[in-house]
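Chains, contacts and geometry: an overview
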Amino acid sequence: MLRTVSGFVVRTQNYQETHKIVTLFTEEYGKLSAIARGANKPSSRMVAISLPFVYGNFLVYVSRGLSTLQQGEVISSNREIREDIVKTTYASYIAELTWKTLKDKEPNHYIYQQFYYTIEWIKKNEQAMIPLIMYELKMYKIAGILPMVNQCVSCGETKSLSSFSIVEGGLLCANCTQKDEQAFPLTPTLVKLLQIFVNVGLEQVGNISVKKENEFRIRNILDQYYERYGGFSIKSKNVLNQLDLLQ
């Protein structure tokens, strides 16, 4: 069936000599892969609509297997992202995380909105690590690996949360800290930040101001958490971490 869908190009893969398989993250179908015939030919009209991070309306013949991308209209090329190595790294990370986490043709309006807001943030701001973390945690929920941050993972206490346990899978209160001697001590500020990042959409926050040491600590905790529970490798994460160290 022929359908018009709106969404983003999150992945491209060469197919034979002249074609590409384009993975779209769409509002209507969720993740959708389609062959774009001739997209590797410089003169093809498919080139412009099959570039990474392009946001547009796409005419797709949707089938049970691999769909076919017929044509498209670019709403935003997001050229600002592709021409900046830092922004490209940020966008590549959330695109790969989306591609590997979501199942085919299962729409999720909330996650689609968060992806849109995060791409817009990346496009307009130099620093985007916190929006990435916010999106990442929401994808953890989709994947079924979200750490418990609203209460103690051991006893259910919602007050005096003071550490993050990789082994236990979330926050521990002061009375349960002994359950994991290697748990990361957290200040009340860090606990509150984690709760905001999990529970609040990016559109609900204004300017995000987080001290660099707090950002680095949360990033380090989540990297170790994902290494234990993630289940699959995210290639762009290595580039992201190297970039973070350079900055």
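Remember, it's a predicted structure, so these values are computed and weren't measured experimentally. Counting restarts for each chain, with residues numbered from 1 along the sequence as it is written. Since the coordinates come from a predicted model, pLDDT governs what is reported: local features require at least 70, and pairs of side-chain atoms require 80 or more to be given and counted, while whole-chain, interface and lining totals use all residues. Excluded from the side-chain calculation are hydrogens and water; included are all heavy atoms of the structure.

1. Some details on the sheet that holds strand S2 (residues 19–26)
Basically, it comes down to this: If DSSP finds at least two bridges between two strands, the strands pair. Only DSSP runs of H or I with at least four residues qualify as helices, and only runs of E with at least two residues qualify as strands; both kinds are numbered from the N terminus onward. Each axis is a line fitted through C-alpha atoms, taken for helices only over the stretch in contact, and angles between the N-to-C directions span 0 to 180 degrees.
The sheet built from 5 strands closes into a barrel, its strands ordered S1-S2-S3-S5-S4 with mixed pairing. Across the sheet, the mean angle separating the axes of adjacent strands is 50° when strand polarity is ignored. With 7 bridges joining them, S2 and strand S3 (residues 30–36) adopt antiparallel strand pairing. The partner of Ile-21 across the bridge, within S3, is Ile-35.

2. Side note on the sheet that holds strand S8 (residues 184–185)
Spatial strand order, S7-S6-S8: 3 strands in an open sheet with antiparallel pairing. Of all strands in the sheet, those with a lone pairing partner are strand S7 (170–173) and S8, marking the two edges. Here strand S6 (residues 161–165) pairs with S8 via 2 bridges, running antiparallel. By the bridge assignment for S8, Ser-163 is matched with Pro-185.

3. Re the packing of aromatic side chains
To keep things clear, this is the line we draw: When two rings of Phe, Tyr or Trp (its six-membered ring) have centres within 6.5 Å they constitute a pair, described as stacked for plane angles under 30 degrees, edge-to-face for angles over 60, and tilted for the intermediate range. Each residue is assigned to one of three classes by its accessible area relative to the maximum for its type, calculated with a 1.4 Å probe on protein chains only: buried under 20%, partly exposed between the two thresholds, exposed over 50%.
What the rule picks out here adds up to 14 aromatic pairs. Look at Tyr-116 and Tyr-117: their rings are 5.8 Å apart centre to centre, the planes differ by 70°, and that puts the pair in the edge-to-face class. For Tyr-116, a relative accessible area of 28% translates into the label partly exposed. What makes Tyr-117 partly exposed here is its relative accessible area of 29%. By way of ring pairs, the aromatic residues Phe-8, Phe-25, Tyr-55, Tyr-112, Phe-115, Tyr-116, Tyr-117 and Tyr-135 are connected into one cluster.

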